[in-house]
Amino acid sequence: MERPIFKPIGTPTEQLDTPSLIVDVDALEHNISTVAEFFESNAAKLRPHVESHRTPAIAHKQLAGGGHVGGIAVSSIGQAEVFVPNGFTDVFVANLVVTPQKITRLCALARQAKIGVAVDSPANVADLSDAAVANGVCLEVVVYVNTRLGLYGVEPGRPAIDLAEAVVDAPGLDFAGIMTQEGSILSDDPDDAATESRSAIQPLLDTRQDLESAGIAVRVVSAGNTSNYQVVGAIDGVTEVPAGTYALLDAQHAPHLPHLKTAGRVMSTVTSRPEPGYMITDGGQKAIGADTGFPSVDNLPNPSVKGLSAEHGSIYFDASDGADPQLGEKIWCTPWDAATCANLHDYIFAVRNDSLEAVWEVSARGRYR
């Protein structure tokens, strides 16, 4: 874990050490309240997916905002093992848990909180059932249905019904419903994005109808994410939407969600000016991330990120209007992917009105297992 140079509460933002992940609390709270208000007025409810920030302090704000099912979603057992001790009593592991070690840890968590998990195979159902019975716990289970990405999950219709019946018959397991993960659906044409989202969700809704026709009660129909929450959250039959990126809002989602604000950005410092219109900063891959895309640069004219090395950012900008950042000046970048960026930091510096309000630990960073 890093040993950051902590400054007193009230320190002006640009006096903080760099590179740092800075969260504007006003923007964060705007995003949380905006999304919560949407779900308050719809039958489907939000299940904040905390993998996008891995920070209990932010997740508590999300639940305080309302419009949710009462719990959160995580991507790994390790993340759940962080959030349960931090007061979260309803945690859905939106993933497949198959190894004996992980299943044992899942059952241990089920002694402390309501724990859900996804399945897509009869063998996994049997293993979860045996472990739940042996540990004297009950696991809530949803059947993962493949509708778009083709990564994993059973096919809609009969295969999903067969697996659901196996869960219903398995001791120690409580069949809750079905889910899909259709992935981010982003388009410059909102109508196209909405059409694609509805097309991805319809097989899930058809499967729900098939299950209920077979006499199997379905409490949970989980679909959607930040990219399409307004579409999916308004679809009749969807019960919950596991969205999380909306809280910090990253560069890939921001252009498509103009009603939300960029809350999480990395502040870096100009460390070199090799030539006019070109600079080096101390914000590289280890501070911002570049696995799926380069960040946007927010306070330079016509910026272009040439590349990110481990510890440095190479940025071109338009110097024709007199822009001439000096050594020591601050450069602000919005990461392309909020989750990747958050996972690089041990701490988030929460600021309001350009002064430090709190330091939040990113407690679940690196919890992949």
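Note: the structure precedes this text.
Conventions used here
- Residues numbered from 1 in each chain as written.
- Predicted model: local features only at pLDDT ≥ 70, side-chain atom pairs only at ≥ 80, totals over all residues.
- Heavy atoms only, no water.
- Helix = DSSP H or I, 4+ residues; strand = E, 2+ residues; numbered from the N terminus.
- Contact = heavy atoms within 4.5 Å.
- Salt bridge = Lys/Arg side-chain N within 4 Å of Asp/Glu carboxyl O.
- Buried < 20%, exposed > 50% of the residue type's maximum accessible area, 1.4 Å probe, protein only.
- Arc of directions from axis to C-beta.
- Axes fitted to C-alpha atoms, helices over the stretch in contact; angles between N-to-C directions.
- Parallel < 35°, antiparallel > 145°, perpendicular 65-115°, else oblique.
- Left-handed = near helix turned anticlockwise from the far one by under 90°.
- Expected span 1.5 Å × (residues − 1).
- 1 Å grid on protein atoms, 1.4 Å probe; cavity = no way out; pocket = protein on both sides within 12 Å on 5 of 7 lines; lining within 4 Å.
- Points joined across faces, edges and corners; volume = space filled by probe spheres on them.
- Nonpolar A, V, L, I, M, F, W, Y, C, P; charged D, E, K, R; others polar.

Some remarks on the side chain of S222
Point 1. The topology assignment puts S222 in strand 8 (residues 220-222).
Point 2. Once residues within four sequence positions are removed from consideration, S222 is found in contact with I178, M179, T180, L204, E240 and P242.

Describing the pattern of salt bridges
Charged atoms that come close allow side chains of opposite charge to pair.
Point 1. As enumerated under the stated definition, the model contains 20 salt bridges in all.
Point 2. Notably, a salt bridge pairs K61 with E29, separated by 2.9 Å at the nearest N-O pair. Here E29 lies in helix 1 (residues 25-40) and K61 lies in helix 2 (residues 56-64), a separation of 32 residues in the sequence.
Point 3. Accessibility expressed as a relative area gives 24% for K61, which makes it partly exposed.
Point 4. Close ionic contact of E140 with K114 constitutes a salt bridge, the shortest N to O distance being 3.5 Å. Pair noted here: E140 is in strand 6 (residues 139-144) and K114 is in strand 5 (residues 114-119), with a separation of 26 residues, a long-range link.
Point 5. For E140, a relative accessible area of 15% corresponds to the buried category.
Point 6. Among the residues examined, K114 registers a relative accessible area of 41% and is labelled partly exposed.

Focus on helix 2
Point 1. Of the residues making up helix 2, those classed as buried are P56, I58, A59, Q62 and L63. Viewed along the axis of helix 2, the buried residues span an arc of 155°, placing them on a single side of the element.
Point 2. Once helix 2 ends, the next one or two residues include G66, with phi positive near 90°.

A short note on the packing of helix 1 against helix 2
Point 1. Contact pair helix 1 / helix 2: the axes reach a minimum separation of 9 Å and the direction vectors enclose 40°. What the angle tells us is that helix 1 and helix 2 run oblique. In this structure, helix 1 meets helix 2 at a crossing whose hand is right-handed. Every residue of helix 2 that contacts helix 1 at V25, L28, E29 and I32 is listed here: I58, K61 and Q62.

Regarding helix 6 (residues 158-169)
Point 1. Along its twelve residues, helix 6 runs 17 Å from first to last C-alpha, staying within 8% of the 16 Å computed at 1.5 Å per residue.
Point 2. Those residues of helix 6 lying buried are A160, I161, L163, A164 and V167. One side of helix 6 holds all its buried residues, which, seen down the axis, span an arc of 165°.
Point 3. Next to the buried residues of helix 6 lie strand 5, helix 5 (122-135), strand 6, strand 7 (173-179) and helix 7 (190-213).

Digging into the layout of surface pockets
Point 1. Roughly 680 Å³ of internal volume is contained in the largest pocket.
Point 2. As for the largest pocket, its lining consists of 31 residues, and the residues nearest its centre are H49, E51, Q181, N225 and P242.
Point 3. For the lining of the largest pocket, the elements supplying multiple residues, two or more each, are strand 4 (90-96) and helix 10 (338-342).
Point 4. The biggest single contributor to the lining of the largest pocket is strand 4, with three residues.
Point 5. Class assignment for the residues of the lining of the largest pocket results in eleven nonpolar, 16 polar and four charged.

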